Amino acid sequence: MNIRFNCKDVMNICNYESEMVKNIGFEASKILKRRLFQLSAADNLSLFAPEGSPPEKCTEVSISNKKIFQININRYLNLFFYPLNGKKHEDTDKFVWDTVSEVCIHAVEKFND
């Protein structure tokens, strides 16, 4: 799958281990690297993580009327990304996961407590 980044800060966190560790810590960095590798290795989103499947539970959420996917990195962090291509179901407005082959990483963010 092709991966792009929302901004330079997100790109640096995802591409440079020193930035990743500085921003999210060593243990979370190991998981994030694994998730990014799995995402890039998959031909489409359904091969990466079928909806609701552990351990890479990937869910589709709406933020500001935009469909964004969310993956838990650990108890405190989420990886957010959105599709750059793919078809949507006409009746539910959700993406057909096996048609999504390019994504943009939106953020790596902590949960708000």
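You'll find the structure just up there.
Now for a quick tour of the structure.

**Describing the sheet that holds strand 3 (residues 66-72)**
Strand order in the open sheet made by the 5 strands is 1-5-4-3-2, with mixed pairing throughout. Edge positions in the sheet fall to strand 1 (2-5) and strand 2 (58-63), since each of these pairs with one other strand and no more. The mean angle between the axes of side-by-side strands here comes to 40°, regardless of whether they run parallel or antiparallel.

**Description of the pairing of strand 4 (residues 77-83)**
Consecutive side chains along a regular strand alternate between the two faces of the sheet. Among the 7 residues of strand 4, 7 are classified as buried, and the element is accordingly described as predominantly covered. Burial of the side chains of strand 4 extends over both faces: Leu-77, Leu-79, Phe-81 and Pro-83 are buried on one face and Asn-78, Phe-80 and Tyr-82 on the other. In this sheet, strand 4 lies alongside strand 3 in antiparallel orientation, the contact comprising 4 bridges. When the sheet's bridge partners are listed, Phe-69 is paired in strand 4 with Phe-81.

**Quick word on the environment of Asp-43**
Considering the arrangement of structural elements, one finds Asp-43 in the loop between helix 3 (26-41) and helix 4 (45-48). Sequence separation of Asp-43 and Tyr-82 is 39 residues, and the distance between their C-alpha atoms is 16 Å. Dropping the residues within four chain positions of it, Asp-43 is found in contact with Met-1, Val-100 and Ser-101.

**Focus on the pattern of salt bridges**
Applying the stated rule across the entire model yields 4 salt bridges. Residue Glu-102 is joined to Arg-4 by a salt bridge in which the shortest nitrogen-to-oxygen separation is 2.7 Å. A residue pair is termed long-range when its members are at least 10 positions apart, and Glu-102 in strand 5 (residues 102-110) and Arg-4 in strand 1 qualify at 98 residues. Here Glu-27 makes a salt bridge to Lys-30, at a shortest N to O gap of 3.3 Å. Linking Glu-27 with Lys-30, this pair stays in helix 3, spanning 3 residues, or about one helical turn.

**Details of the packing of helix 2 (residues 17-24) against helix 3**
Where helix 2 contacts helix 3, the two axes come as close as 7 Å, and the packing angle between them is 125°. With respect to each other, helix 2 and helix 3 are oriented oblique. Remark: the crossing between helix 2 and helix 3 carries right-handed chirality. Counted together, Glu-17, Met-20, Val-21 and Ile-24 of helix 2 and Phe-26, Ala-28, Ser-29, Leu-32 and Lys-33 of helix 3 form the full contact between these two elements.

**Remarks on the packing of aromatic side chains**
Scanning the model with the defined rule gives 2 aromatic pairs in all. Between the aromatic rings of Phe-69 and Phe-81, the centroid separation amounts to 5.5 Å while the plane-to-plane angle is 20°, which identifies the pairing as stacked. Placement of the pair is Phe-69 in strand 3 and Phe-81 in strand 4, with a sequence separation of 12 residues. The buried category is assigned to Phe-81, whose relative accessible area is 0%. Between Phe-69 and Trp-97 the ring centres are 5.3 Å apart and the planes differ by 90°, which places this aromatic pair in the edge-to-face class. On the criterion of sequence distance, the pair formed by Phe-69 in strand 3 and Trp-97 in the loop between strand 4 and strand 5 is long-range, its members being 28 residues apart. For Trp-97, a relative accessible area of 8% translates into the label buried.

Reading the values: the criteria
- Residues numbered from 1 in each chain as written.
- Predicted model: local features only at pLDDT ≥ 70, side-chain atom pairs only at ≥ 80, totals over all residues.
- Heavy atoms only, no water.
- Pairing = 2+ DSSP bridges.
- Helix = DSSP H or I, 4+ residues; strand = E, 2+ residues; numbered from the N terminus.
- Axes fitted to C-alpha atoms, helices over the stretch in contact; angles between N-to-C directions.
- Buried < 20%, exposed > 50% of the residue type's maximum accessible area, 1.4 Å probe, protein only.
- Contact = heavy atoms within 4.5 Å.
- Salt bridge = Lys/Arg side-chain N within 4 Å of Asp/Glu carboxyl O.
- Parallel < 35°, antiparallel > 145°, perpendicular 65-115°, else oblique.
- Left-handed = near helix turned anticlockwise from the far one by under 90°.
- Phe/Tyr/Trp six-rings, centres within 6.5 Å; stacked < 30°, edge-to-face > 60°.

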